[in-house]
Amino acid sequence: MLRKHKERHLLGAKDLEKIARATDGYSASDVAAVVKDAAMGPIRDIDPSVLRTLPPKKIPPIKIKHFMEAISSIEKSVSEASLEKYKKWAQKNDGVGIEESKHSRAAAPIERRKSRILASLGLC
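Residues numbered from 1 in each chain as written. Predicted model: local features only at pLDDT ≥ 70, side-chain atom pairs only at ≥ 80, totals over all residues. Heavy atoms only, no water.

Overview of the pattern of salt bridges
Move 1: By the definition in use, this model includes 4 salt bridges.
Move 2: Ionic pairing is found between Asp 45 and Lys 65, a salt bridge with its closest N-O pair at 3.3 Å. Here the residue Asp 45 occupies a position in the loop between helix H2 (28-44) and helix H3 (48-51), and Lys 65 occupies one in helix H4 (residues 64-73), the gap between them amounting to 20 residues.
Move 3: One salt bridge connects Glu 80 with Lys 76, and the closest N-O pair in it is separated by 3.8 Å.
Move 4: Overall, the relative accessible area of 38% leaves Lys 76 in the partly exposed class. (Salt bridge = Lys/Arg side-chain N within 4 Å of Asp/Glu carboxyl O. Helix = DSSP H or I, 4+ residues; strand = E, 2+ residues; numbered from the N terminus. Buried < 20%, exposed > 50% of the residue type's maximum accessible area, 1.4 Å probe, protein only.)

Examining the environment of Glu 17
Move 1: Within the secondary structure layout, Glu 17 lies in helix H1 (residues 13-22).
Move 2: Counting along the chain gives 96 residues from Glu 17 to Arg 113, while the straight-line C-alpha distance between them is 8.5 Å.
Move 3: If sequence neighbours within four positions are ignored, Glu 17 has contacts with Ile 110 and Lys 114. (Contact = heavy atoms within 4.5 Å.)

A word on the confidence of the model for the protein chain
Move 1: Mean pLDDT over the protein chain works out to 79, with 79% of the residues at or above the 70 mark.
Move 2: Confidence, read as mean pLDDT per element, is least for helix H6 (residues 102-107) in the protein chain (48) and greatest for H4 (96).
Move 3: This model gives residues 1-6 a pLDDT under 50, and the stretch forms 15 contacts once residues within four places in sequence are excluded.
Move 4: Low pLDDT (under 50) marks residues 101-107, which in the prediction has 16 contacts with non-local residues, meaning those over four places away or in another chain. (pLDDT = per-residue confidence, 0-100.)

Some words on the packing of H1 against H4
Move 1: Look at H1 against H4: their axes get within 10 Å of each other, and the N-to-C directions meet at 0°. Here H1 lies roughly parallel to H4, going by the angle between them. For the pair H1 and H4, contact is made by Asp 15, Lys 18, Ile 19 and Ala 22 and by Ile 64, Phe 67, Met 68 and Ile 71, respectively. (Axes fitted to C-alpha atoms, helices over the stretch in contact; angles between N-to-C directions. Parallel < 35°, antiparallel > 145°, perpendicular 65-115°, else oblique.)

Focus: the nonpolar core
Move 1: Residues Val 34, Phe 67, Ile 117 and Leu 121 are the most contacted members of the largest nonpolar core, which totals 16 residues.
Move 2: If you tally residues by element for this core, the top one is H2, at 5 residues.
Move 3: Dropping the residues within four chain positions of it, Val 34 is found in contact with Tyr 26, Phe 67, Ala 70, Ile 71 and Ile 74. (Core = buried A, V, L, I, M, F, W, Y, C linked by side-chain atoms within 4.5 Å.)

A few points about the side chain of His 66
Move 1: Mapped onto the fold, His 66 is located in helix H4.
Move 2: Here His 66 falls in the buried class, since its relative accessible area comes to 3%.
Move 3: Within the structure, His 66 has its side chain in polar contact with the side chain of Asp 45 (distance 2.8 Å).
Move 4: Apart from residues lying up to four places away in sequence, His 66 is in contact with Ala 38, Gly 41, Pro 42, Asp 45 and Pro 61. (Polar contact = N/O pair within 3.5 Å; in protein donor to acceptor, adjacent residues only side chain to side chain.)

Digging into helix H7 (residues 110-120)
Move 1: Here H7 has its buried residues at Ile 110, Arg 113, Lys 114 and Ile 117. End-on view of H7: buried residues confined to an arc of 100°, all on one side of the axis. (Arc of directions from axis to C-beta.)

Spelled out as structure tokens, the structure:
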């Protein structure tokens, strides 16, 4: 569905940055869940009696409000404690996987998270 309607959003660079910052610490799977939930936002905004007869091209675009609603309802799936355990494990194992630790993920450029969001929308 996301790829089919890839032009159907009203997100600017500032919106993507806001979404990326709000999803700091989310896994790629968490971000995918946020994108899918946000994609359903415009449909939820339509009266059910109208939705049945509404042509797909008339469905409103995805907006920042849909993302913020999705983020508020979808929590991070990995706890801070689990991330800390993983980091310690990675350090003991010659840094295997250390690039995915909480500290490096938090320090990862916002651009990387924005790219994940765009990819999930089918825009990359």
